[in-house]
Amino acid sequence: MLSRRHLIAIAASLVFGVSAYAQEKSIVVASTTSTEDSGLFKHILPLFKAKTGIDVKVVAQGTGQALDTGRRGDADVVFVHAKSAEEKFLAEGAGVKRYPVMYNDFVLIGPKSDPASINGGRDIVAALKIIKDKGAPFISRGDRSGTHIAELNLWRAAGIDIEKDKGPWYKSIGQGMGAALNTAAASNAYVLSDRGTWLSFKNRGDLTISVEGDKRLFNQYGVILVNPQKHPHVKKELGQAFIDWLISPEGQKAIADYKINGQQLFYPNASDPSA
Amino acid sequence: MRAPTADLPISFESVTVSAGAVTILDHVTLTLACGPPTVVIGPNGSGKTTLLRAAMGLVKPSAGRITWGERENVAPVRRAIVFQRPVMLRRSARGNIRYVLRSSGVARAERNSRIGELLGLVGLEHIAHRPARRLSGGEQQRLALARALARDPIVLFLDEPTASLDPAATKAIEDLVHTISERGIKVVMSTHDIAEARRLAGEIIMLHHGRIVETGAAMSFFDAPKTDEAKKFLAGELLI
Amino acid sequence: MPTDVSALQLVLTGDPVLVAIVGLSLAVSLSAVFLAALVGLPCGALIALTQFPGREAVIVVLNALMGLPPVVVGLAVFLALSRSGSLGSWGLLFTPQAMVIAQAVLVSPIIAALTRQTIEDLWSEYRDELTAMNIGPIGRVATLIWDARFSLVTALLAGFGRAAAEVGAIIIVGGNIDGFTRTMTTAIVLETSKGDLPLAVGLGMVLIAVVIAVNALAWGVRRAGERLAG
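Just so it is clear, the model here is predicted, and its values are computed rather than measured.

Chemist: Just to check I follow, could you spell out the interface of chain A and chain C for this structure?
Modeler: Often, the extent of an interface is quoted as the loss of accessible area on bringing the components together. The partner chain C presents 26 residues to the 27 residues of chain A that form the contact. Elements supplying a minimum of two residues to the side of chain A that touches chain C: α1 (4-16), α2 (18-23), β2 (55-61) and α10 (177-187) of chain A. Broken down by class, the residue content of the side of chain A that touches chain C amounts to 13 nonpolar, nine polar and five charged.

Chemist: Please clarify how the pairing of strand β3 (residues 77-80) of chain A should be interpreted in this entry.
Modeler: In the case of a regular strand, side chains alternate between the two sheet surfaces. Residue and element names in this part refer to chain A. What you see with β3 is no split at all: V77 and F79 on one side and V78 and V80 on the other are buried throughout. For strand β1 (residues 26-32) and β3, the ladder comprises three bridges, and the chain directions are parallel. Within the sheet, the bridge partner assigned to V29 lies in β3 and is V77. In this structure, β3 lies alongside strand β9 (residues 218-226), joined through four bridges in antiparallel fashion. From the neighbouring strand, F79 faces β9, where its bridge partner is V223.

Chemist: I keep staring at the environment of B:A197 and nothing clicks. Help me out?
Modeler: All names here are of chain B. Within the secondary structure, A197 sits in helix α6 (residues 194-200). Residue class for A197 comes out buried when judged on the 22 C-beta atoms lying within 10 Å of it. Between the alpha carbons of A197 and R134 there is a distance of 30 Å; along the sequence they are 63 residues apart. Once residues lying within four places of it in the same chain are set aside, the contact partners of A197 are V39, I41, T191 and I204.

Chemist: Honestly, the environment of A:E36 in this entry has me stumped. Any pointers?
Modeler: All names here are of chain A. Turning to its location among the elements, E36 is positioned in helix α3 (residues 33-38). Between the C-alpha atom of E36 and that of V58, which follows or precedes it by 22 residues, the distance is 8.1 Å. Non-local contacts of E36, meaning those with residues more than four positions away in its chain, are made with S31, F41, V58 and A60.

Chemist: Is there a simple way to think about the sheet that holds strand β4 (residues 63-68) of chain B in this case?
Modeler: Each strand in a sheet pairs with another by means of backbone hydrogen bonds, the pair being arranged parallel or else antiparallel. Residues and elements named next belong to chain B. Judged by pairing direction, the sheet is antiparallel, and its three strands sit side by side in the order β2-β1-β4 without closing on themselves. Among the strands making up the open sheet, the edge pair consists of β2 (22-32) and β4. Between one strand axis and the next, the sheet turns through 25° on average, direction left out of account. One ladder, built from seven bridges, connects strand β1 (residues 10-19) with β2; its direction is antiparallel. For F12, the partnering residue across the bridge sits in β2 and is L30. Strands β1, β2 and β4 of the sheet are contacted by helix α1 (residues 48-56), whose axis makes an angle of about 55° with β2.

Chemist: I would appreciate a short explanation of the pairing of strand β3 (residues 38-41) of chain B in the present structure.
Modeler: All names here are of chain B. Burial of β3 is two-sided: the residues T38 and V40 facing one way and the residues V39 and I41 facing the other way are all buried. Bridge count for β3 against strand β8 (residues 203-208) is four bridges, and the pairing is parallel. Counted as the bridge partner of V40 is I205 from β8.

Chemist: Any chance you could explain the nonpolar core here in plain terms?
Modeler: Nonpolar side chains tend to gather and get buried jointly when the protein is soluble and globular. Counting 136 residues, the largest nonpolar core has A:V77, C:A102 and C:V173 as the members making the most contacts within it. When residues of this core are assigned to their parent elements, the largest contribution, 17 residues, is made by helix α5 (residues 96-132) of chain C. Those residues in contact with C:V173, other than ones at most four positions away along the chain, are C:G74, C:V77, C:F78, C:L81, C:L93, C:A98, C:M99 and C:A102. Listed in part, the 71 residues of the second largest apolar core include B:L101, B:I173, B:I204 and C:M133.

Chemist: Whenever I open this one, the packing of helix α3 (residues 108-122) of chain B against helix α4 (residues 137-149) of chain B confuses me. Can you help?
Modeler: To characterise two packed helices, one gives the angle between the axes of the helices and the distance between these axes. Residues and elements named next belong to chain B. Two numbers describe how α3 lies on α4: the axes approach to 9 Å, and their chain directions differ by 140°. By the angle class used here, α3 and α4 are oblique. Relative to α4, α3 is oriented so that their crossing is right-handed. Side by side, α3 and α4 meet where L118, L119, L121 and V122 of the first sit next to R142, L143, L145, A146 and L149 of the second.

Chemist: Could you clarify how one ought to interpret the arrangement of the chains in this entry?
Modeler: No other pair of the two pairs of chains in contact has as many contacts as chains A and C. Regarding chain A and chain B, the two do not touch, and the least distance separating their C-alpha atoms is 19 Å.

Chemist: Even after reading the chapter, I still don't get the environment of C:L62, so can you show me in this structure?
Modeler: Residue and element names in this part refer to chain C. Within the secondary structure layout, L62 lies in helix α3 (residues 55-65). By the C-beta count within 10 Å, which is 22 here, L62 ends up buried. Placed 151 residues apart in sequence, L62 and A213 show a C-alpha to C-alpha distance of 29 Å. In this structure, L62 is in contact with P109, A112, A113 and R116, ignoring residues within four places of it in sequence.

Chemist: Even after reading the chapter, I still don't get unusual backbone geometry, so can you show me in this structure?
Modeler: Glycine aside, negative phi is the norm for most residues, and most peptide bonds take the trans geometry. Going from B:L8 to B:P9, the amide bond is cis rather than trans, its omega being -5°. By secondary structure assignment, the location of B:P9 is in the segment before β1. In this structure, A:N261 takes a positive phi of about 50° despite not being glycine. In this structure, A:N261 sits in the loop between β10 (259-260) and β11 (263-264). Given 6 C-beta atoms within a 10 Å radius, A:N261 is considered exposed.

Chemist: Sorry if this is basic, but what is going on with the interface of chain C and chain B here?
Modeler: On the side of chain B, 20 residues touch chain C, which itself brings 13 residues to the contact. Looking at the side of chain C that touches chain B, the elements with two or more residues in it are α5 and α6 (137-147) of chain C. Examining the composition of the side of chain C that touches chain B, we find that six residues originate from one element, α5(C), more than from any other. Here the residues of the side of chain C that touches chain B are counted per class, giving five nonpolar, four polar and four charged.

Definitions and cut-offs
- Residues numbered from 1 in each chain as written.
- Chains lettered and ligands numbered in written order.
- Predicted model: local features only at pLDDT ≥ 70, side-chain atom pairs only at ≥ 80, totals over all residues.
- Contact = placed C-beta atoms within 7 Å.
- Helix = DSSP H or I, 4+ residues; strand = E, 2+ residues; numbered from the N terminus.
- Nonpolar A, V, L, I, M, F, W, Y, C, P; charged D, E, K, R; others polar.
- Buried ≥ 20, exposed ≤ 12 C-beta atoms within 10 Å, placed from the backbone.
- Pairing = 2+ DSSP bridges.
- Axes fitted to C-alpha atoms, helices over the stretch in contact; angles between N-to-C directions.
- Core = buried A, V, L, I, M, F, W, Y, C linked by C-beta atoms within 7 Å.
- Parallel < 35°, antiparallel > 145°, perpendicular 65-115°, else oblique.
- Left-handed = near helix turned anticlockwise from the far one by under 90°.

Laid out in structure tokens, this is it:
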């Protein structure tokens, strides 16, 4: 029979098993749901662990939330795709240095019935103008994610102030990429998605790729170590080891090798100084 | 007879118990001392139950005072009560008695023998392991009695112990009252059955509307009641 | 967990990732109920048995807390456990421990409120006897809890059901980390957001089956116990 002391010990160890975790070789990386949903981490993290023995725990959130997690010191590394937000992060002193890692691209997804008659196009800005003019249904992630920020930038590039010009055709759902695709499939709407999530997405309904290949649809990823001066508990050596691996030839090759249905999703470009 | 101890005599000094506007006991003065059983009689609603509960220490008087061995507020360590509808704990018959023995501080080594003794006394050894709540009314009454005795009381209160029992069960209880009384435990019980009072009482207290109508040794009460109410009651008339 | 495979196939082949996820779900929810019971049982019993000013208000609030929204609890625990929060130095955010804590907070009021009701009912039955037996306050609490144990187990099961079913709290404080803080409910959220609805539905059924199994086990224990003690 368990004595009362045993029970207290079990309860204490459940709540305070933290010491076990602190000693493990692991880091917490705040990244985005689209990166996680693409399956990239499942491919590259085992390779990293085999090489260094470090466990990478990925918390997948929207870009805005991921950077906030870094600001609060709840992650050791942030790995997102919104350069302006990342630079702001650095300017605040929340991170040490930004390293470009890879890029993927966005695609405009839309229904096969193509209410805006834009399918097959290569000009995203023109397509968005038509969508607004025709009031074709459009789903926005609305969650401060990298994808959302990219979408807002594209509206701006089309000369549209989307906050003012939106109508009932524009639905902002405040959720991740998968949820946005689900909503678009259910309501036969257009939605901006990263290619990776689209390739692994199963609930396509009547959706297909409407517009792709425009240079303005390229999506750059950066990785940043959370500033240990602000948060002394940050595992800076292990975190830096992860960053170093990502930009190393080995890491870059692992990224390039990741394919869905034979198609490469991410293009490594750590060596590009302007990225 | 046991040497006088802390709980006896129990003394009521002009005790009144009210609940809101209703007076249940009205200036009751009496003494319960060592000796043969005291039986409290009277029509329903006369305050018998409250009298017993007050003497047990469960009810605080609204006026007047109650003392046990000349002291007030004595905790009920050596007193026990069997309520009119006793509540069985959700355990076996043995378990109920063991519970009381343990809470009374009886050493673990002694408990088993005491349980056996008490169950034997009340004739329940054959169902020692049965869940107490599944016993019949008469069996539960006997178990409650055994439980009360497990506390090794000096005074034992019984509130209408045979009210809902058949004659055989009633006889079993009455025989136990004799046995217990012979062991030197002071029994104070209430009943609305005059014949039972005759069988068991050494002393009678009669209540009506919360007041004491008459008290006395049993023989003189039954042979020669002094008050009109007592006479009417013994003659079987309804007392309003 | 392979994604082009149905949940049934994963169950039948004993897919290790699925097993780990089910194991984590059970470990988190059962631990949470255990902690919640440590807090909720005595609190509920105490409120049932003591008189104090404002007692009725406390009971109303306690009952209302049974409906605490899980996401709100998750958010509150998240803010506390974040490194920038008051308990940040514990470093518990995004760990299974954080999930246990959040669910324990969520479930404690349920156990406390149901305990209070059960104990109060039993006390009204036992009051005279226990008072007459001169049982002190601690003895009363222990006796009532023991004698009411079957109804209290039902209260614990209600708590477990709540914990096992919720996702709002644990996804916020746990982060749904693959292989670390991913449970049945958070995995369902993930697979749904990836559009793999058949897998999500399958996982949902596995979750329901697991919860039913736990309840059946508790029922069996209760029946066996009842036969022994009545």
